[in-house]
Protein chains: 4
Amino acid sequence: MIIELKKTVTPQQADALAQKYKSVLFENGKQVLVTSSKLKQADDDLKEVAERIVITDSDIQLAGKQYISHKRTITIAENLSIGGNTNYTIVITGPCSVESEEQIDAAAQLCVELGVKVLRAGAYKPRTSPYTFQGLGLDGLKLLDKMRAKYGLKIITEVRDSTHADEVIEYADIIQIGAKSMYDHGILRKCGKTNKPVLLKRGFGTTLQEFVQAAEFILSGGNPNVMLCERGIRTFETKTRFTLDLCGVAWLKESTNLPVILDPSHAIGYAYGVPDLARACVAMGVDGLLIESHPNPKVAKSDAEQQLNFDEFRKLHVSLAQVAAAVGYKLV
Amino acid sequence: MIIELKKTVTPQQADALAQKYKSVLFENGKQVLVTSSKLKQADDDLKEVAERIVITDSDIQLAGKQYISHKRTITIAENLSIGGNTNYTIVITGPCSVESEEQIDAAAQLCVELGVKVLRAGAYKPRTSPYTFQGLGLDGLKLLDKMRAKYGLKIITEVRDSTHADEVIEYADIIQIGAKSMYDHGILRKCGKTNKPVLLKRGFGTTLQEFVQAAEFILSGGNPNVMLCERGIRTFETKTRFTLDLCGVAWLKESTNLPVILDPSHAIGYAYGVPDLARACVAMGVDGLLIESHPNPKVAKSDAEQQLNFDEFRKLHVSLAQVAAAVGYKLV
Amino acid sequence: MIIELKKTVTPQQADALAQKYKSVLFENGKQVLVTSSKLKQADDDLKEVAERIVITDSDIQLAGKQYISHKRTITIAENLSIGGNTNYTIVITGPCSVESEEQIDAAAQLCVELGVKVLRAGAYKPRTSPYTFQGLGLDGLKLLDKMRAKYGLKIITEVRDSTHADEVIEYADIIQIGAKSMYDHGILRKCGKTNKPVLLKRGFGTTLQEFVQAAEFILSGGNPNVMLCERGIRTFETKTRFTLDLCGVAWLKESTNLPVILDPSHAIGYAYGVPDLARACVAMGVDGLLIESHPNPKVAKSDAEQQLNFDEFRKLHVSLAQVAAAVGYKLV
Amino acid sequence: MIIELKKTVTPQQADALAQKYKSVLFENGKQVLVTSSKLKQADDDLKEVAERIVITDSDIQLAGKQYISHKRTITIAENLSIGGNTNYTIVITGPCSVESEEQIDAAAQLCVELGVKVLRAGAYKPRTSPYTFQGLGLDGLKLLDKMRAKYGLKIITEVRDSTHADEVIEYADIIQIGAKSMYDHGILRKCGKTNKPVLLKRGFGTTLQEFVQAAEFILSGGNPNVMLCERGIRTFETKTRFTLDLCGVAWLKESTNLPVILDPSHAIGYAYGVPDLARACVAMGVDGLLIESHPNPKVAKSDAEQQLNFDEFRKLHVSLAQVAAAVGYKLV
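### Looking at the interface of chain A and chain B
Accessible area lost upon the coming together of the parts is a frequently used measure of interface size.
Alright, step 1. Chain A puts 39 residues into the contact, and the matching count from chain B is 39 residues.
Alright, step 2. Between chain A and chain B the total buried area reaches about 3,000 Å² when both faces are included, carbon and sulfur atoms providing 71% of it.
Alright, step 3. Sorting the residues of chain A by area buried against chain B places Phe236(A), Lys239(A) and Cys247(A) first, and these three jointly supply 21% of that buried surface.
Alright, step 4. At the boundary of chain A with chain B, the tally comes to four salt bridges.

### Describing the state of the cysteines
All names here are of chain D.
Alright, step 1. This structure, assessed with the given rule, holds zero disulfides over all chains.
Alright, step 2. Not part of a disulfide, Cys191 finds its nearest cysteine sulfur in Cys229, a span of 14 Å.
Alright, step 3. Given a relative accessible area of 1%, Cys191 falls into the buried group.

### Comments concerning helix 1 (residues 11-20) of chain C
Residues and elements named next belong to chain C.
Alright, step 1. By the burial criterion, the buried members of helix 1 are Ala14, Leu17 and Ala18. Buried residues of helix 1 fall within an arc of 105 degrees about the axis and therefore sit on the same side. Of the exposed residues in helix 1, the ones pointing more than 90 degrees away from its buried face are Gln12, Gln19 and Lys20.
Alright, step 2. Looking at the packing, one finds that the buried side of helix 1 touches strand 1 (2-5), strand 2 (24-28), strand 3 (30-34) and helix 2 (44-49).
Alright, step 3. Lys22 sits one or two residues past helix 1 and shows a positive phi near 40 degrees.

### Considering the sheet that holds strand 2 (residues 24-28) of chain A
Within a sheet, adjacent strands bond to each other through the backbone by hydrogen bonds, running parallel or antiparallel.
Residues and elements named next belong to chain A.
Alright, step 1. A sheet is described by the order of its strands in space; here four strands give the open sequence 2-3-1-4, paired in antiparallel fashion. Of all the strands in the sheet, the pair left with one neighbour each is strand 2 and strand 4 (50-54). For this sheet, the mean inter-axis angle between neighbouring strands, taken without regard to orientation, is 20 degrees.
Alright, step 2. Contacts from helix 1 (residues 11-20) reach strand 1 (2-5), strand 2 and strand 3 (30-34), with the element oriented near 10 degrees to strand 3.

### Observations regarding the domain arrangement of chain A
Alright, step 1. By domain assignment, chain A separates into domain 1 (2-54) and domain 2 (73-331).
Alright, step 2. On a C-alpha basis, the centroid separation for the pair domain 1 of chain A and domain 2 of chain A is 35 Å.

Rules used throughout
Residues numbered from 1 in each chain as written. Chains lettered and ligands numbered in written order. Predicted model: local features only at pLDDT ≥ 70, side-chain atom pairs only at ≥ 80, totals over all residues. Heavy atoms only, no water. Contact = heavy atoms within 4.5 Å. Buried area = accessible area lost by both parts, 1.4 Å probe. Salt bridge = Lys/Arg side-chain N within 4 Å of Asp/Glu carboxyl O. Disulfide = S-S within 2.5 Å. Buried < 20%, exposed > 50% of the residue type's maximum accessible area, 1.4 Å probe, protein only. Helix = DSSP H or I, 4+ residues; strand = E, 2+ residues; numbered from the N terminus. Arc of directions from axis to C-beta. Pairing = 2+ DSSP bridges. Axes fitted to C-alpha atoms, helices over the stretch in contact; angles between N-to-C directions. Domains from an automatic or database assignment.

Here it is, written out as structure tokens:
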């Protein structure tokens, strides 16, 4: 149950109710209490202080259509809005990892050339093996910062674990929580304490229910700016790295109030299929697209097989705009 | 290894070689031998009789790009071609099951109204429970035959098991092999002996490798007219009935010479998501689309939740044409 | 709903009720009607003719504990019983395929040596590729028949599709329906018309609910002698061929009245793990075990990697007896 | 490639080589360098300083049988050894969460009564929803500490994220890394810097390869004391919560040098199946077993459905000893 409190309720009163109902309390313009979804009826003490009460079916509460029936609008770095009624499909591109200034500068120039507004690249890489490139760390974040200053791009970059979450929150315009970090309470709670947009990736073994419940940790911390990112789930099929779950995307659009971003590159894991898949994603009518591109994929230090080279990306960008237009969206 | 034999080779000689190399022999314009893909080098006796020899990587042989580098063209009922260079995305619609003459006639009229050329409906339903509607059987086939005669539509309908395969092969313009029957050697071998187009659906627990290998049973029986249909695989996600594998579709397009048809209705299992998914399918640049529609989904005897009503289908049909155009295809 | 009819009800009356309630009617000692499980209340016309009425939760009806609260006893070839209160774990062994008289005779001798009573081997192999060994067919069945006559063994062998179901039903003491044929209505219905025991394997992409519902096709045809066989499901893990689902086995034991047989050989797909897994299976307290063994696995025409050689099998047999004893079962 | 360095090599020399070969360097009795497994041949500068060089197939290096051909022995809190040649199957039990002193004391007394040496309970719970009980945190750790002092039990408890890793490392005798935290580099690296035993649980969407590679992060940090815990993977089957992967356990025993512990409680998620599954686990010949038990499962604040009550646990404990004996192991 979600209880939006009247302005007259003091923080002390709110705290006492939170204790009594074992519920989460946060403040974002107004004070909001969220109890377990098992509570289906409000007692008088709750009714008295409530401006609005919403009964919910499951612990998808703040993210659900029962609470907010339209899609949220999210503003990135003050002047770029997505979701809501914008009908924007935002394009985000860049390499898997920041590898060098030369490499990330080339990626940034491609963005400028095509009017892409958000540059992606990882500084802390959640590699599966300790014996491979682990990312440039803080030096990587600083190179991304330089690109922002030089080209006016917005930056999205990934937090891998809680030990460096503060740095990423400081440097990024959009904080990316990767598929392997999606259950990390340390990260989720820190992201709940900022107001920066968060792109939360679905774990590859994560159900849609769990995925949206992870978003609830951020939302109930007080940060309303969460985007969901489907990037492929793990199935029995191994010809491709993962299986992009567009049925799940249809469900997210139907059931939640959060913008949805898709990542076809990580889903298939091979560059040959990215253009067809990216077009399919745009035809779904989604709020954004993450596509890995690299000045020279063959020498990339991570994800070499799935990154598009710049010419492939340029060609794809043209056709994505056409598909977006066919479904009433605008590529930005 | 695929060995296309010279015209001068007699059937007796061909048979002897088939025995010696434990290989499959078929005739379709020319005689073709197919050995295990483990055979990587042709002996002199094979070289002497061969017009062409193709070494293959796996037992995806006749369906592979190594054998035929372009997509096959398939002709349905003499005057409708798909695949090849047509750039057609064919639309197939109709109810899950033939339930009555009135119902199937309404479905046929919708096809005529929208210019849809192929009507789908099942007469032998592979139901999971014995205690539910099992289909009208031969009476259902006869109703479909009547619709063909009355409206000039082409008919696709499903064979459930070998006991009625001959009837379905006789009545259908396209023989559909369902997801649960995909490994049925009895059906596959019978379909290899006709020249009618076969739409082979991927089993929901079937890898892409196995799926295409099932097509090899038909192709190596002598029938070159096989279409592959992705209809969703079974994964851990249960908010939707299945997970449509568009990464797999990208792989099929890259690796095989067979046209690809998609079935978003069975994949998601809920009508709300079918339009978005259908648009995504068309944006992939595929050869066709199977969409379930029903004059009154609420009273449907099977798959009630996933069938579109006629107004939903009409609206969807308009937008599919726009998406097809955006990717250089034409909806037929 | 299951309605056991009074002896006084004529077949004509029973038929009329079956029509009226769209239900399945069979006769096995008594006449039994089974309606959809959605029917939750019996009208007076049903109450009048009923000896017993059982309301069921799902279309797991005849196989459910609500209908028969204890495990069924199944008699194989008249003098070997399993299930019920026997506390027997029956061992079934032999090669994947009948390859030659010499090979199958060696396998039969191993059975005799160790007191194993049931010999397994396939004559119709459901191979994934058309370019590999497909089984000896009827010749294979005849060789198995010879072993039965020579050594007094019981024979279990697999039916692949409906086209040869009658032969297999005739030659086998236990009819095996393979994982890929599990949904084949043609086979299931034919098996419902015999009284021979049927071992139904779970499809590797099949839920427990669907699996038991497939058994309902046989049971509602009038054959009460069905055993369920878990043989591994398909998951994301590929170091092993399949994943043996012992959690599922616990559920089957809890929820159904059918004996359960396990097949660790197909589950893991590699001989090294079969002994440990087989011991785990026996420790579950199950009714039987299928283990592939071969006089010379290296030259086996199918499943070469997973078959034990005879010495490995002998050693395993000793330890299985010890584990069985530890859980109160007896290896037969 | 693993290079054990000669005693004469200085830390400075070792560092220089680590830089040059982009490899991980750690010290545990001796200095060890681990390069990418792609390096297949050692140059002269490596050969000169090497006491031993091991070429490995994949990035399963320190955990592999190629490096250490026998199973590691791990000592818990100085006087309890498992793995190696002990043939011990260690039993670990206790509730899902520490809820109160009364509850954890009752659990500790059960351990003492039955001779169970290790008490489990979580203080930081990785709950899926923010609106449920999240654990007692540090207060929970202190209660566990009290039980250790009072009863001489060893304590295993879970670290959820890096923000409280230091506390858990300090209080636990065995540090448990949960299934959802398995990829957390922050935790893995901290665990590499201690010598306390670590029980690493497999993620439910994690392949065996990735699982063991996560162990490599700890091992290559210098901590040789890692145990692997299989606790069920996520599959399409939903009658049970997860699917215990005993095929995978067979592979781990065959391929790695790490002890293996099994957790049947989380795998099935329902108490009814835990005894049968636990017996199956013991019959696999594994090094330990984690079983959830609770003085009153019905009122448990987490995992209420899967915890055994004390009488169920007592009965199970007796039969586990019998199964262990049947496979040559001793329950401790």
